[in-house]
Each structure stands twice: as structure tokens, then as C-alpha cells.
Amino acid sequence: MILFNKFATKIKLFSLVLSIALGSGLVYFLTTNVSFMKWIVSVVIIFTTLIYLAISIDSDKLGKKLLLNSWYKYIFSAVLTLFLFVSLMGSFFKRGHDLFGIMLISITACIALFCIVLSVTQFLMKSGVEVSTNKNNKFRILYYATPSFVIFLVYLIAFYPGVLSPDSLDQWSQIFTRKFDDWHPVAHTWFIMFTTLLWKSPAAFSIIQVIIMSLIIGYCGYTFENYGVKKFFIYLSVIFLSLVPINAIYSITMWKDVLYSGLLCLVSIYIANIVISEGFWFNSKINGFLFVISSVGVTLFRHNGFIIFSLTILISIMIFKKKLMKLYLWSVPVIIIYFIVTIPVFNILKVTPSDPNEALAIPTQQIASVIALDGKMTTEQLQFFENILPIKVWKDQYNPYTVDPLKFNNQFNRGFLRENRSDFLKNWLTLCIQNPNIVIKSYLKQVSNVWQIKQFDDGITSLYSTSITENSNSLKYGLSNQIISAKLTETLSQILNLSRDSIIWRAALYNVLIVLSLFIVIWRRNYKLVIVALPITLNTLTIMAATPAQDFRYLYANLLVSIVVFLVSFLKLEKHTVR
């Protein structure tokens, strides 16, 4: 195609000059360590998007009707651009730029971001495929699972026999003492115990978890290949999920959040299958069995899992009514198993219930912010909170990104808080009314991983570990890491270290991809497929309601499910329904 005929050269030249200006603004905005390579990459990206937009607009003939019918595309791109600007801002305005410099960089960065968002949106809109009825050989699951399986095993060799934090070691101890504590979901502890029947080593758990996570990735690729999504996008997704160091190190980490996130991703794929087939996916009893097993894992492997599953089914009933009756019927055994496990089984095994104060992380953090910043408080309020923790400790230990220094302080009076829970909540609500600015800022920082791609300079986020923590439990059970290949361990450690400061460890990045993909789904009028993102949305909302710290693992599922929603966005359902 000749670009704009006689104006091709002028358009390319104009795009190049504009990309240099916009690219400069973008790279200065995104980083304090400006380098020639970053500048070149930024310019190339902007130049490519400008040329692509020029070609797209030309192919659409710039008709007035088109512009009127596509206004929502530009509005969406503008809104997402503004969100990205705020989300990527970090501590940009504290970098010492003068007012003119800030305005210049901000304007050019916003225009550059808008061009990128618009071009990506335009590209995704043109890349849809009619849903096919292909039924590929199920061995394709192994085909797509192999890259991640191999890479994850390499990480296991490097950090053998796996990664265990203090939480993991506490669960490991419960396996042998048989004194189960639901502080960490007991079902997950039982799963760990099951792996020790095969081999009394954390390596057994790591291998089984590697297999499960790899198969989930493989099933994702297989599913969307069946639906006819272009293999380029499937390969791109599978390669990303295999290579991103987050998946690799988490696959050998003994945290409840890993399997929970993998199963939530799997259930999201199942929901896509169920909705697309209008429930006929359940005609296979194997599919129904796998749905029950995966859903039970979601409900039992994390304390917010049952709420997420229940609300997903309830909202499905409200939206689809009788159309997905098979989904509702197969959900019944999930709910029955959940209550059998958490009531009679827990009672028989004398499981210690989790501390109800764990749900008060956000209120505790906001109270600490008001106290630490000398907000408006009455004498009675100060005296009440003094009973929970000395006021000086409230002030000294307050960290806007984690409540752990407060709730794990040896002076924290959990008993008083448990007995006076209603008074605590009343005083908290009163403080919020008295100090709205302080508590809002406190909350935004506490949940910044949800919305902020580039965190503030003082931000603290717990990412990962590469070893078995040395404490009384690890010493008691003789657990320690073994170096099989020092060179391999060093290399993979360097890769993980290089990734630490990158945006791949920010859940907000994957939330943006989910939002963008959902916009494409809605634009294609595949409204019923929006429900695929419902479980991850509910998961994010529950984390925002009670997150104790900025740990990426709490929102790890967002990474996995964002790829599922991304692949769903390519499907067109107007003419075909798969059964």
C-alpha cells in the first residue's frame, strides 16, 4: 500500500520528527536514568505507532461516518492514557524539573502514550477471528506446556529443593505435628502433606506444582488454538508466560497464592468454554469433574476464594438466568465440599481458626496514618487505640505500604481488638470522617499495586525469595538449599535481580491489559464474555478491601488471567456458538 500517495514521504518525515519529540518526552517521564538506548527504543516505538495509525486511518478512508461511529474508541484511548499517565508517574514530579520542563515532558508523554494506546486498540480491533469448532489433539496441551515445564525445572535445579518462606515453614511444621492452623488455609497445607507421601522433601511439592502450572499454561494455548485465535498471539502468550521470571520462581515457591492463582486462571478458561458453548461444555463428565476440582481448590486455597466463587455463580445466575443451568448444577458439589471440609472436617481435626483481625488490615493502616500524621483525634479515641498499641509505636512503626510492622509488633493487643471489634470499627469510621484526606491517601498507597505501574520512590513491595528461610523450623527439619550448579544459580539470580525494578512486578500493568482487552470484547459486542474477567475482578476487589501489604503474590492471578482475557478479546461470537 502506498502511504497517502504523494504525501508518503512528507508523512514519514513528519512522523519521524514528531516521534523524536514525543519519544524524548516519554523516556524522560518514565525514567530518571536517561540513556541513549532508552531514547532510541522510545523513538522507534512512537515512530512505528504513528506510521501504523497513518496506514490504519488511510485504509479506513477517513470517512466522516467512521469518525462518528468510532468516537468511543478515541474516548477510551484518552481515558486509558490519562490513567497510564497517573499510574506511570511515580515520583516524577519530585525530580527537580522546573514548571516548564514538567509541562513540556508531561504533554509530550501524554501524546506519546495516546498514540501507543490508540494504535494497540486499533490493531486488536482488526485482529479478531470468528470462533471455530476445531478439536485438536489433546496432546497439544503438552506441546504448549513443554516450554514452561522445562524452564521451571531449570529454576528448580538452580534453587533446589524450592523456596520456603517463614509461612511455608510453618505449614511444613504442621504436616508433622498434625496441629493444623487455618492462619494459612489448611487445605493447602494438606496438599503439601500429600506431596510428602511421595517424597518427604519440598522438592516433591515443587515438581508437582511445576507440572500443574505448566499444564495450565498448556491448556490455555490449546483452548484458544481450538477457537481459531491466530497462532502468533497464542505463541506470544505462551512464550511470555514461560519466560517471565515471575512464573518461574513462583512455580517452585511454597505459597498458597501460587496454586490458588493458577486454579483461578484455569476456572476463568473454563468459564470462557462454558459461556461460548452455552453450557454444552459440561456434556463431557471429565470437564465437569475438572471444573469441580479446580473450583474447590479456589474456594479452599485462600480465604477469599469461596466469596469469589459464590459471587461469580450468583452474578452468572442474575445475568444468564436459565441459560447456564449446567454451570449452576456443577457448582453445587463445589459448595457442598467446601462446607463439609470447613465445618465437620475442621472440627474433627481440631483446626485452629484464623485470626479474625486479619480482615482489619486497611482500617488498622488508616488509623495508623491519622495517628502518625497528627490528624484530628479526640482524647477518647487516643485512649482507645492506646489499648491496642502504644501511641508512640503507632507513630514509629507506621509504614504506608504495609501493616505488618504494626500487627506483628509484640505489643499489639490482639485480645483487646478481638473483644472490642465493633468499637474499633466505630472509631475507625469516625476517624475517616474527621480526616478524609489522610485516610484516602493512606488507602491509595496501601493498594497502590492495583493501580500504580511505577511505584513511588518510597514504595515497598515484597516480590519473591530464592531460598529456604533459615529459622527454627528449617533447622528442626533439616531444610536448606543445595547448590547443584553454582553457575546456573548465579545466572538465574542475576536475571531475577534485573527484573526487580521493572514494571512486570506491578499488578497494575496486568490490570491495564485486562481493561484494554475487555474494551475490545465489548466493542465486538461479545458482552457475555465479559464474565470471564469476573473472578479476577472480584479477587482484586477483595484484596483491595483487606490487603495487609504490597506483596505481588496477592495479585499474582492478575498476571495469569490477563493473558486469558487478552486471548478472549480476539474472538467473534456473532455467527457461531461452539458446542
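Just above, that's the structure.
Residues numbered from 1 in each chain as written. Predicted model: local features only at pLDDT ≥ 70, side-chain atom pairs only at ≥ 80, totals over all residues. Heavy atoms only, no water.

Draft legend 1. Here's a closer look at the overall build of the protein chain. Each helix and strand in the protein chain was counted, giving 28 helices and two strands. Buried positions account for 53% of the 579 residues belonging to the protein chain. In the protein chain, once contacts between residues fewer than 6 apart in sequence are set aside, the share between residues at least 24 apart is 82%. Each charge class in the protein chain was averaged separately, 49 positive and 27 negative side chains, and the resulting centres sit 14 Å apart. (Helix = DSSP H or I, 4+ residues; strand = E, 2+ residues; numbered from the N terminus. Buried < 20%, exposed > 50% of the residue type's maximum accessible area, 1.4 Å probe, protein only. Contact = heavy atoms within 4.5 Å. Lys, Arg positive; Asp, Glu negative; His and termini not counted. Charge placed at Lys NZ, Arg CZ, Asp CG, Glu CD.)

Draft legend 2. Here's a closer look at a nonpolar patch on the surface. A surface patch of nonpolar side chains, about 1100 Å² in accessible area, is lined by Phe139, Leu142, Phe149, Val150, Val154, Phe194, Leu197, Leu198, Trp199, Ile207, Ile211 and Leu215. No other element matches the five residues that helix 6 (residues 139-158) contributes to the nonpolar patch. Taking relative accessible area as the criterion, leucine 215 reaches 36% and is therefore assigned partly exposed. (Patch = residues over 30% accessible without salt bridge, like charges linked within 9 Å, V, L, I, M, F, W, Y side chains within 5 Å. Areas by Shrake-Rupley, 256 points an atom, 1.4 Å probe, with all protein chains shown as cover. Salt bridge = Lys/Arg side-chain N within 4 Å of Asp/Glu carboxyl O.)

Draft legend 3. Inspection of the environment of tryptophan 255 at higher detail. With respect to the element layout, tryptophan 255 can be found in the loop between helix 11 (245-250) and helix 12 (256-276). A sequence separation of 22 residues divides tryptophan 255 from phenylalanine 233, and the C-alpha atoms of the two residues are 30 Å apart. Look past the residues within four positions of tryptophan 255 in its chain and what remains in contact with it is Ser165, Ser168, His188, Gln209, Tyr250, Leu463, Tyr464 and Arg553. A polar side-chain atom of tryptophan 255 sits 2.9 Å from a polar atom in the side chain of serine 165. (Polar contact = N/O pair within 3.5 Å; in protein donor to acceptor, adjacent residues only side chain to side chain.)

Draft legend 4. The packing of helix 13 (residues 285-301) against helix 14 (residues 305-320), seen in detail. Two numbers describe how helix 13 lies on helix 14: the axes approach to 6 Å, and their chain directions differ by 130°. One way to sum up the angle between helix 13 and helix 14 is to call them oblique. Note on element contacts: helix 14 touches helix 13 through Gly305, Phe306 and Phe309, opposite Phe291, Ser295, Val298 and Thr299. Taken together, the residues of the contact of helix 13 with helix 14 break down into four nonpolar, three polar and no charged. (Axes fitted to C-alpha atoms, helices over the stretch in contact; angles between N-to-C directions. Parallel < 35°, antiparallel > 145°, perpendicular 65-115°, else oblique. Nonpolar A, V, L, I, M, F, W, Y, C, P; charged D, E, K, R; others polar.)

Draft legend 5. Seen up close, unusual backbone geometry. Note the cis peptide between tyrosine 160 and proline 161, where omega equals 5°. Along the chain, the position of proline 161 falls in the loop between helix 6 and helix 7 (166-177). For lysine 350, which is not glycine, the phi torsion reads 55° and is therefore positive. Mapped onto the elements, lysine 350 comes out in the loop between helix 15 (325-348) and helix 16 (361-372). On the basis of relative accessibility, which here comes to 70%, the residue lysine 350 falls in the exposed class. Located in the positive-phi region is arginine 525, a residue other than glycine, with phi close to 65°.

Draft legend 6. Representation of helix 27 (residues 534-546). When the terminal C-alpha atoms of helix 27 are compared, their 19 Å separation across 13 residues agrees well with the 18 Å that a helix rising 1.5 Å per residue should span. Among the residues making up helix 27, those that are buried are Leu534, Pro535, Ile536, Leu538, Asn539, Thr540 and Ile543. Contact partners of the buried residues in helix 27: helix 12, helix 14, helix 23 (448-451), helix 26 (507-523) and helix 28 (556-568). (Expected span 1.5 Å × (residues − 1).)

Draft legend 7. Structural view of helix 21 (residues 421-434). An ideal rise of 1.5 Å per residue puts 20 Å on 14 residues; helix 21 measures up with 20 Å between its terminal C-alpha atoms. The secondary structure elements touched by the buried residues of helix 21 are helix 16, helix 17 (379-386), helix 20 (414-419) and helix 22 (436-446).

Draft legend 8. Quick look at the packing of aromatic side chains. A full pass over the atoms with the stated rule returns 39 aromatic pairs. For the ring pair tyrosine 143 and tyrosine 144, a centre distance of 5.1 Å and an interplane angle of 75° mean the geometry is edge-to-face. On the basis of relative accessible area, tyrosine 144 is assigned to the buried category, the value being 2%. Relative to phenylalanine 282, the ring of tryptophan 281 has its centre 5.3 Å away and its plane inclined at 65°; by these criteria the two rings are edge-to-face. With respect to class, tryptophan 281 is no different from phenylalanine 282; both count as buried. Grouped by ring-pair contacts, the aromatic residues Tyr219, Tyr222, Tyr270, Trp281, Phe282, Phe291, Phe309 and Trp330 constitute a single cluster. Of note, arginine 140 hangs over the ring of tyrosine 143, and the distance from its end group to the ring centre comes to 4.3 Å. (Phe/Tyr/Trp six-rings, centres within 6.5 Å; stacked < 30°, edge-to-face > 60°. Lys NZ or Arg CZ within 6 Å of the ring centre and 35° of its normal.)

Draft legend 9. How the structure looks around the environment of leucine 314. Of note, leucine 314 is situated in helix 14. With 232 residues separating them in the primary sequence, leucine 314 and leucine 82 have C-alpha atoms 34 Å apart.

Draft legend 10. Layout of the pattern of salt bridges. Throughout the structure, instances matching the rule amount to 11 salt bridges. With its nearest N and O atoms 2.6 Å apart, the salt bridge here joins glutamate 225 to arginine 140. Note that glutamate 225 is positioned in helix 9 (residues 202-226) and arginine 140 in helix 6, a separation of 85 residues in sequence. The class for arginine 140 is partly exposed, based on a relative accessible area of 22%.

Draft legend 11. Representation of the side chain of arginine 524. Topologically, arginine 524 is positioned in the loop between helix 26 and helix 27. Residue classification places arginine 524 among the buried positions, given a relative accessible area of 3%. Within the structure, arginine 524 has its side chain in polar contact with the backbone oxygen of serine 569 (distance 2.7 Å).

Draft legend 12. Structural detail: the packing of helix 4 (residues 71-89) against helix 5 (residues 99-125). In the contact formed by helix 4 and helix 5, the axes pass within 8 Å of each other and the chain directions differ by 130°. Of the possible angle classes, the one that applies to helix 4 and helix 5 is oblique. Regarding helix 4 and helix 5, the two cross each other, and that crossing is right-handed. Side by side, helix 4 and helix 5 meet where Lys73, Tyr74, Phe76, Ser77, Ala78, Leu80, Thr81, Leu84, Phe85 and Leu88 of the first sit next to Ser106, Cys110, Leu113, Phe114, Val117, Leu118, Thr121, Gln122 and Met125 of the second. (Left-handed = near helix turned anticlockwise from the far one by under 90°.)

Draft legend 13. Spatial organisation of the nonpolar core. Of all hydrophobic cores here, the largest spans 149 residues; its most connected members are Phe224, Val229, Ile246, Ile249, Tyr250 and Phe552. Setting aside residues no more than four positions away along its own chain, valine 229 makes contact with Val129, Phe224, Ile234, Leu567, Phe570 and Leu571. Listed in part, the 25 residues of the second largest apolar core include Ile388, Leu389, Phe424 and Leu431. (Core = buried A, V, L, I, M, F, W, Y, C linked by side-chain atoms within 4.5 Å.)

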